[in-house]
Structure formats: C-alpha cells, structure tokens
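So the chains spell out like this:
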Amino acid sequence: MTSRPDLEAETTTSAVPASENTAPEELTNTRKVFVRTYGCQMNVYDSERMTDVLAPEGFKATDDMEDADLVILNTCHIREKAAEKVYSELGRIRKVKEARSKSGKEMMVGVAGCVAQAEGEEISRRAPIVDLVVGPQSYHQLPELLSKARQGSKIVETEFDIDAKFNHLSANAEKPVLKRPPSAFLTVQEGCDKFCTFCVVPYTRGAEVSRSVAQIVTEAERMASAGVREVTLLGQNVNAFHGEAQDGTTWGLGKLLRRLSEIDGLDRLRYTTSHPRDMDDDLIDAHRDLKTLMPYLHLPVQSGSDKILKSMNRRHTRDDYFRLIDRIREATPDIALSGDFIVGFPGETDQDFEDTMDLIRRVEYGSAFSFKYSQRPGTPGATMDDQVPEDLKSERLAQLQALVSEQQKAFNASRLGMTCDVLLEKKGRNPGQLVGKSPWLQPVQLDAPESLIGSVQAVEIVEIGPNSLFGRLNAGQDERDDAGAIQAKAG
Ligand code: 5AD
Ligand code: SF4
C-alpha cells in the first residue's frame, strides 16, 4: 500500500457518471462538459453535483476533453505540488482550447475545488485561458457564473456561503429520480475547526458546517429509490456532524445513522473521515447496534508520539487513542480499522517514529494510508524548525508501509473460508465476473450473473489476492450463521 488512493492527485476521474439529475436525452441544445476530479471523495461528490446543476443548462457529461464546450478541473490542495500540477494541466488544456477555437468552437475553462479556493485570482492571472475560478462552496452558482463568464468577464467566486450550497443541493429533491449505481456518497458535513498544524482543510474548506437532518434524510431516501444500496456519509470531519433536526434539537452522527438505517432499501451505511476526539459513545454504540452500519472505521491518528501529536495540534494523546480503540473493539470486535499516518513531521526523531511504529503494532490495522509530511503554505507546520530531510522521510515511509502491508495481508488472510455479505457493484474485468465489496471494504471478485448487480449476496471467500478477495456465491443463510463469520454485530 502506498498512499490513500482517494487523495492522490494522480487519481482522476475524468468522466462524471450520469447521476439522478443528468439532462434528459431529449434536450436539444446539448453542450458537453468534461470534469476532471482530483483528490478526495468529497470532490467526487461535488463533481457529480456540478454536472447536476449544469444539466438543466443543456450540458451532458463527456469523457473526451477535446469534445467539451466546458472543461472543469475539480482540484485538491491537500499535499505538495497540487497547484503546480493544475497549472501544467492548464497548459495542456490551452492547446486543446486553441485547436477548438481554430475550428470555430468555443471551450470555457473552469477551475474548482481547493486549489481554486486557495489560489483565487492568481489562477486567471497565471493561466489566462481560465474563464472561471470557483471555490467548493459556490458550485450551485455555476450556471449564473458561466453566463457572466461567457459575456467576457473573468470570474473568481470563492465565498464561503456553505448554507446556500446545502440548500441548493436539497432543492434538487424536486427533480425526477433516475437509476444510480449501488454505492454512492452523500455529503453531510463540510469544513473543519480542528486546525491540525499540517493541514490546509480549515483554510480551503472553511469552518465546520453540518447539513440539516431533513435535507440528508430526503437525499438518502431519493438515493434508495434510485437503486442505491450503500451510502457513504462524507465530511472532512464527519463524526463532528451536528445537524439540526426538525424539532430544533441537534443530532450527532450516531443518531443520524440510526435514522438512516430505517430507510427501506439502504442495506449499508459507512462514513468517512473521522477524528478521534469526535468518536462519542453514541457513535460507538451505533456500530454495535446497527446491522446496516458496516464494520469498518477510518480513524486517522497521524503519529504515535505524544510530542508530535501535540505539535500537530491533534488534541489527544496516544493513550487516548488506545483507550478509544479498546472501546470500539469491545462494541464491534471484528471491525476493520484504518488510519492515516504522516512521517517526517517537523521535529520527528527516530524515537518519535518508533512510537508510531509501536502504535501500529499495537492497534493492528486492516489497512492504512501514509504520507511524507509536505509543507503547506499558510499552515503552522510549514514554518516550524527541524524540518525532516526528504531522504529520511522516504526511509521512514517505506518502513511504515512495509509494516502496514503485513498487517493488511494478515487481515485479508483472516477472511479466508469465511462467508460474508458482499454488495455486488459492477462487472469485473473478465466476462461473467462481478466485483463487490465486503463489509470490511475489501474488493471481492466472483463469478455471478449481471442481474445480481445491486444486491447483497452471501459469498464464501475462497482465495486471497494481493489487492482483493476472491469469492464464491451461494452460501445459504444457515451456513453463514454456522460459520459465525458474518459481520460482528449484535443487531
Ligand atoms: N502532509 C502530508 N500529509 C498530509 N495530510 C494532510 N495534510 C498533509 C500534509 N501537509 C494527510 C493526513 C490526512 C490525510 C487526508 O492527508 O494524513 O489525514
Ligand atoms: Fe485537517 Fe482532518 Fe485535522 Fe481537520 S481534523 S485539520 S481535516 S487533518
């Protein structure tokens, strides 16, 4: 395992899948939009919402940039060289735009996401081909901003009006429900107030804001009726969720999950990403009580050294983390734990790094994502003394990843012979093959008819591969219970 795939700038989804509000086929004056998504799952969600708001304007998604009337880069700023990568991509897009212009075709270019938020006007100054710079809270205004840009003004919209964005998302509830893939994201919270000293999120995404319970429930119900079987609730600090309910009370994530688990057709719930400080008893109990809440938890700790945790402003100690993990495992013994680690934070000594390795050995992760510390301009860490040399960071990263990879293999191997529920999501690479997900978020490949896509099936794990599990259909319910290997849940 190298790093967290959902956060790698190289991991791009160029075509945004058609979602429930995609323009109906009969729209005549069709224009094409190409969206390239960098970074986290929240960006994937936002890209889908961008194509949704553009659909009534006659835009259809395309995965061919050269064919696009509008190109949007939905960018990520979490780690190094993000802005530079955007500028070099804009250099490539300039050539495409020029070629289109020679044949009399227009191509508007927009930069969205966290680099847009962080760089603002600098983007259109350095890359004059950019017509529109739009921060993560302003996507609902895209049609209006686009029409202004078409009249020749350079648009930079980086306001933090998150309520307007959330309200707009909910207004889509009026639109007809079209079919959607079995697994979908749903943003419930944005922004972060934690201010870890290495992180740009509080600056690019702003303060923590939660959507209202009613908005979320409506969106989840729509998803269920559109064929979604698994919903992953998203937020930069998702377990800090504190949404207002209709009776004026404030709900935490545990209570929200309980409510969502009542929705017919939603077989599975997940959430990401959580902070240890916000892992309250109600959420831990929800893992114990809710059959629909999958036994997987991504709970980044970043470092195992108290000194580094303090300097990172993580607001907890390694012992707090151990105690928390004990409580979680007591409630859900078979939970797969995942985490994020940063090596080479300023001041990290060999002993601090050893403390991190020790923490990993004690916790035993099912998977984890790890990164070399990168100085982010404007964050306190960037100007701290004792920056760690790159080669030492690389050495530590390799050691840490070797340990995590051993733990991941052991966790995967422990599933051999088990029968577990698998949500079948899509066709596999080979004919007759489907790919799904285990309760512990492992990909599972198996032979099964296409008609089963979108259903949860009992699958026996018969082989363990390096990146996925291989399974066999048709274990009966009794067998599953006998194996005693189904999700460790009381409910
Ligand atoms: N350097 C390295 N890794 C970082 N992350 C966030 N900021 C930085 C940085 N400046 C990692 C953290 C976080 C994940 C999303 O990205 O591990 O949990
Ligand atoms: Fe960044 Fe997460 Fe820390 Fe918030 S809690 S500042 S998103 S690392």
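Above: the structure in question.
Residues numbered from 1 in each chain as written. Chains lettered and ligands numbered in written order. Predicted model: local features only at pLDDT ≥ 70, side-chain atom pairs only at ≥ 80, totals over all residues. Heavy atoms only, no water.

A. Up close: unusual backbone geometry. Cis geometry is adopted by the peptide bond preceding Thr 273, which originates at Thr 272 and carries an omega value of 5°. Its location among the elements puts Thr 273 in the loop between β13 (268-272) and α10 (281-289). Residue Asp 386 is not a glycine yet carries a positive backbone phi of 60°. Tracing the backbone through its elements, the reader meets Asp 386 in the loop between β16 (367-372) and α14 (390-413). Asp 386 sits in the exposed class, given a relative accessible area of 58%. Backbone geometry at Leu 441 places phi at a positive 70°, although glycine is not the residue there. Among the secondary structure elements, Leu 441 is positioned in the loop between β18 (433-437) and β19 (443-447). (Helix = DSSP H or I, 4+ residues; strand = E, 2+ residues; numbered from the N terminus. Buried < 20%, exposed > 50% of the residue type's maximum accessible area, 1.4 Å probe, protein only.)

B. The arrangement of the packing of helix α8 (residues 213-225) against helix α9 (residues 253-260) in detail. Between α8 and α9, the shortest axis-to-axis distance is 11 Å and the interhelical angle comes to 35°. Crossing geometry of α8 relative to α9 is assigned as right-handed. In contact with Val 213, Ile 216, Val 217, Ala 220 and Glu 221 of α8, α9 contributes Leu 256, Arg 259 and Leu 260. Of the residues belonging to the contact of α8 with α9, the class tally is six nonpolar, no polar and two charged. (Axes fitted to C-alpha atoms, helices over the stretch in contact; angles between N-to-C directions. Left-handed = near helix turned anticlockwise from the far one by under 90°. Contact = heavy atoms within 4.5 Å. Nonpolar A, V, L, I, M, F, W, Y, C, P; charged D, E, K, R; others polar.)

C. Representation of the packing of aromatic side chains. Summed over all chains, the structure comprises four aromatic pairs. Ring geometry for Phe 198 against Phe 345: centres 6.4 Å apart, planes inclined by 85°, an arrangement best described as edge-to-face. Separated by 147 residues along the polypeptide, Phe 198 in the loop between β8 (189-190) and α7 (201-204) and Phe 345 in the loop between β15 (336-343) and α13 (350-363) bring together distant segments of the chain. As far as burial versus exposure is concerned, Phe 198 and Phe 345 are alike and both buried. Their ring planes at 70° and their centres at 5.1 Å tell us that Phe 345 and Tyr 373 sit as a pair that is edge-to-face. Here Phe 345 is found in the loop between β15 and α13, whereas its partner Tyr 373 is found in the loop between β16 and α14, with 28 residues between them in sequence. (Phe/Tyr/Trp six-rings, centres within 6.5 Å; stacked < 30°, edge-to-face > 60°.)

D. Inspection of the environment of Arg 270 at higher detail. Examined against the element boundaries, Arg 270 turns out to sit in strand β13. On the accessibility criterion, Arg 270 (6% relative accessible area) is buried. Along the chain, Arg 270 and Pro 439 lie 169 residues apart, while their C-alpha atoms are 9.7 Å from each other. Setting aside residues no more than four positions away along its own chain, Arg 270 makes contact with Glu 230, Val 231, Thr 232, Leu 233, Met 294, Tyr 296, Lys 437, Ser 438, Pro 439 and Leu 441. Side-chain polar atoms of Arg 270 contact the backbone oxygen of Ser 438, separated by 3.1 Å. Among the polar contacts listed, one links the side chain of Arg 270 to the backbone oxygen of Pro 439, at a separation of 3.2 Å. (Polar contact = N/O pair within 3.5 Å; in protein donor to acceptor, adjacent residues only side chain to side chain.)

E. Region of the structure containing the pairing of strand β3 (residues 70-75). Across the six residues that make up β3, a large majority, six, are buried. Covered by surrounding structure in β3 are Leu 70, Ile 72 and Asn 74 together with Val 71, Leu 73 and Thr 75, the residues of both alternating faces. One ladder, built from five bridges, connects β3 with strand β4 (residues 108-112); its direction is parallel. Bridge pairing in β4 places Ile 72 opposite Gly 110. The handedness of the β3 to β4 crossover, carried by helix α2 (residues 82-102), is right-handed. (Pairing = 2+ DSSP bridges. Right-handed = clockwise from strand over helix to strand, strands pointing away.)

F. Layout of the nonpolar core. The biggest cluster of nonpolar side chains holds 54 residues, and the ones touching the most others in it are Leu 233 and Tyr 271. In this structure Leu 233 touches Leu 186, Val 188, Val 238, Leu 253, Leu 256, Leu 257, Leu 260, Arg 270, Tyr 271 and Thr 272, once residues within four positions along its chain are discounted. Counting 24 residues, the second-largest nonpolar core is a separate cluster that includes Tyr 38, Val 71, Ala 83 and Ile 93. (Core = buried A, V, L, I, M, F, W, Y, C linked by side-chain atoms within 4.5 Å.)

G. Quick look at the site of ligand 1. Taken together, 13 residues lie around ligand 1, and Arg 79, Phe 198, Gln 302, Asp 340 and Ser 374 are the ones closest in. Within the backbone of Phe 198, a nitrogen or oxygen atom sits 2.9 Å from a nitrogen atom of ligand 1. Measuring from an oxygen atom of ligand 1, one finds a side-chain N or O atom of Gln 302 at 2.7 Å. Here ligand 1, which alone exposes 400 Å², has 93% of that area covered by the protein. Grouping the amino acids of the shell around ligand 1 by side-chain chemistry returns six nonpolar, two polar and five charged. (Near = heavy atom within 4 Å. Areas by Shrake-Rupley, 256 points an atom, 1.4 Å probe, with all protein chains shown as cover.)

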